[in-house]
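Survey of secondary and tertiary structure
Spelled out from the first residue to the last, the chains are:
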Amino acid sequence: MIIVMENGAREESITKVVEKLEENGFSIHLSQGVERTIIGAVGDKSRLADLSIEAMSSVDRVIGILAPYKLASREFKSDNTIIQLGDVNIGGDEIQIMAGPCAIESREQALEIADIVKRSGAKIMRGGAFKPRTSPYAFQGLGEEGLKILREAGEAYGLKIITEVMEPGNVELVAHYSDILQIGARNMQNFPLLKEVARFDKPVLIKRGLSATIEEWIMAAEYVLNGGNNKVMLCERGIRTFETYTRNTLDLSAVVVAKQLTHLPVIVDPSHGTGKWKIVGPMALAAVTAGADGLIIEVHPRPSEALCDGSQSLTEENFNKLLINIKKVANAVDREAVQ
Ligand code: PEP
Ligand code: MN
């Protein structure tokens, strides 16, 4: 439930409410808006009636949140969350473009792509070092070596980096090298992993599971928020349907719904969402129209030689052409992109 404090409530009154709730076993998450403070209290609801919180000084009202997610909800925080990553804001006016290969293949490949990403105006480079592959015989990624290369590429070109972490025991390692921790679709409900990334002061991007409902996806975010990390963003990357023409069915209505239900930035991955490079561009534009706060796009200088996901990777030329259109569409919906 949430406790809405009166406009301009004094620090002292807020502390009293927080202390009373904590003494009674509630865990507290504060949302300090410009005018109002909202106290999120997670715990045994039945105990609340005895506490008379509503009668305490400067408490405006106590509201139960019906949805199973609390901290992710718009009721808890009505303003959009903006994640600050140095000079890069995710969830603000600017639509952030994250681009790069499916997998880091070599130092040369990573530096070549970092150069492409930098010149395009995008600010975040993607690239997998630990790859969740369907086949154990497929390229599994370069592991820590890949993380080192990605870090070097990011630093050489002044780009932030995002990469996937697949297991709880590797979070510390990945967090050491990466600016953003990516939870892959296959791990969206790996609860020990979600709890572990919550312990780090790094933004987390949570991909929607292959067969996850929107509510389950938001609940994954709730795990990270409840663990104390409020830099969480959601990523729609397509879901499994009866359709086989595309690799997945990119559910753009989920972007609209997630923006309505939560305050979290929502990113769209049209690469995994479609599996075919010719469909990536139009769906990226549609995602911007639907309200996406960012796009994560696979780019490779020679897609036919890529060790992973070449068929959905854009060449430099196609990526740059797409960015021109992304800018136009962004402006049409009162956003900015690749300034
Ligand atoms: C990826 O982005 O590298 C990836 C494996 O995506 P997903 O988890 O969405 O399949
Ligand atoms: Mn991929």
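A brief look at the structure comes next. (Residues numbered from 1 in each chain as written. Chains lettered and ligands numbered in written order. Predicted model: local features only at pLDDT ≥ 70, side-chain atom pairs only at ≥ 80, totals over all residues. Heavy atoms only, no water.)

Details of the side chain of Asp251
This is how it is decided: By definition, any uninterrupted DSSP run of H or I lasting at least four residues is a helix, any uninterrupted run of E lasting at least two residues is a strand, and each is numbered from the N terminus. Working definition: with a 1.4 Å probe on protein chains only, accessible area under 20% of the residue-type maximum means buried, over 50% means exposed, and in between means partly exposed. Here a polar contact means two N or O atoms within 3.5 Å. Within protein one must be a hydrogen donor candidate and the other an acceptor candidate, and residues neighboring in sequence count only if both atoms are side-chain atoms. In what follows, residue pairs with any heavy atoms lying within 4.5 Å of each other are defined as contacts.
Examined against the element boundaries, Asp251 turns out to sit in the loop between β12 (232-236) and α7 (253-261). By relative accessible area, Asp251 is classed as buried at 15%. Polar side-chain contacts of Asp251 include one of 2.6 Å to the side chain of Ser253. With near-sequence residues (within four places) excluded, Asp251 lies in contact with Arg208, Glu236 and Ile239.

Comments concerning the site of ligand 1
What counts, and what does not: Definition of nearness: a residue and a molecule or strand are near each other if at least one heavy atom of the residue lies within 4 Å of the molecule or strand. Areas reported as accessible are Shrake-Rupley estimates using a 1.4 Å probe. Residue values count occlusion only from the protein chains shown.
Close to ligand 1 lie Arg126, Lys131, Pro132, Glu164, Gln182, Gly184, Ala185, Arg186, Lys207, Arg237 and His272. With respect to ligand 1, the side chain of Lys131 contributes an N or O atom lying 2.8 Å from an oxygen atom. Note that an oxygen atom of ligand 1 is positioned 2.8 Å from one of the backbone N or O atoms of Ala185. Taking 290 Å² as the accessible area of ligand 1 by itself, protein coverage stands at 96%.

A look at the coordination of the manganese ion (ligand 2)
Six octahedral donors around a metal ideally make angles of 90 or 180 degrees; four tetrahedral donors ideally make 109.5 degrees. This is how the line gets drawn: Water is not part of the atom set, so a site may look incomplete; the donors themselves are N, O and S atoms within 2.8 Å of the metal, or 3.2 Å for Na, K and Ca.
Distances from the manganese ion (ligand 2) to its protein donors, namely Cys102 (SG), His272 (NE2), Glu298 (OE) and Asp309 (OD), fall within the range 2.0 to 2.3 Å. All donor residues of the manganese ion (ligand 2) come from one chain, and their arrangement in sequence is C-x169-H-x25-E-x10-D. Residue His272 is located in helix α8 (residues 270-274), and its partner Glu298 is located in strand β14 (residues 294-298); the two are separated by 26 residues in the primary sequence.

Some details on the pattern of salt bridges
Rules: The working definition used for a salt bridge is a side-chain nitrogen of Lys or Arg within 4 Å of a carboxyl oxygen of Asp or Glu.
Going through the model one piece at a time under the given rule, you end up with 21 salt bridges. Residues Glu236 and Arg208 are paired through a salt bridge, measuring 2.9 Å at the closest nitrogen-oxygen approach. Within this pair, whereas Glu236 is found in strand β12, its partner Arg208 is found in the loop between β11 (204-207) and α6 (214-226), the two being separated by 28 residues in sequence. For the pair shown, Glu236 and Arg208 are each scored as buried. In this structure, a network of salt bridges that share partners links the residues Arg36, Asp60 and Arg61.

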